[in-house]
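Listed below, chain by chain, are the residues.
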Amino acid sequence: MDVVLSFLGYALCAVIVFAQVFLLWGILRYAVISPWITRGASAALKRPDIEGSARVVGFPLPIEAGDFYRSAPFLQRLEFVLVAPSGRRWRIGRFYPLVPRHVRENRKVHGTKNVPIASDQGKGVYVLLADGAVAHQPLGSSSQVRMVCRSLGELARFNVASDD
């Protein structure tokens, strides 16, 4: 009986240590390593690399993506709401740069095969699809997307509202 209890005690300790190491890795990965990999995001935001990003995702990006990233008036804003002509509201945390290093990292973080272009303050990610449409992908679901608009040009025409 003592051997069984001793074994269970060691097994429980091993599980607890493993869980703590796993938690520490998660903290380091997403709180230290990810920001280090995506450093310089504000400077890279207005200088998109369409061809490099297309190589990362494996499909050609629309030419209008470069125009959107160079001229969208709300691109550098943080935590705001975009309002579609239909009145639908889309919360934006911030936009992500369209450069290979950031695209690669944000695809890993959000678990998407598409091009992550913006966060929605922790509930998911806005992605650019292969056909050029913009969609919202909920957190933890790579197959479930909700259409936002047909193109980045259309997204650039959305109105900005306060984050309420």
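Calculation criteria
Residues numbered from 1 in each chain as written. Predicted model: local features only at pLDDT ≥ 70, side-chain atom pairs only at ≥ 80, totals over all residues. Heavy atoms only, no water. Helix = DSSP H or I, 4+ residues; strand = E, 2+ residues; numbered from the N terminus. Buried < 20%, exposed > 50% of the residue type's maximum accessible area, 1.4 Å probe, protein only. Contact = heavy atoms within 4.5 Å. Core = buried A, V, L, I, M, F, W, Y, C linked by side-chain atoms within 4.5 Å. Phe/Tyr/Trp six-rings, centres within 6.5 Å; stacked < 30°, edge-to-face > 60°.

(A) Quick peek at the side chain of Ser151. As for its placement among the helices and strands, Ser151 is situated in the loop between strand 7 (146-149) and helix 6 (152-156). For Ser151, a relative accessible area of 17% gives the class buried. Once residues within four sequence positions are removed from consideration, Ser151 is found in contact with Glu64, Gly132, Ala133 and Val134.

(B) Broad picture of the nonpolar core. In this structure, Leu61, Phe68, Phe95, Val115, Ile117 and Leu155 are the most contacted members of the largest nonpolar core, which totals 31 residues. Mapped onto this core, the elements with two or more residues apiece are helix 3 (50-57), helix 4 (64-71), strand 1 (80-83), strand 2 (89-92), strand 4 (115-119), strand 5 (124-128), strand 7 and helix 6. With 4 residues, the single largest contributor to this core is helix 3. The residues touching Leu61, leaving out its near neighbours within four places in the chain, are Ile50, Ser53, Ala54, Leu98, Val115 and Leu128. Core analysis: the next-biggest nonpolar cluster, separate from the first, contains 6 residues, Tyr96, Val127, Leu129 and Ala133 among them.

(C) Geometry of the packing of aromatic side chains. This model, assessed by the stated rule, comprises 8 aromatic pairs. By the ring-pair criterion, three or more aromatic residues cluster together here, those being Phe68, Tyr69, Phe74, Phe80 and Phe95.

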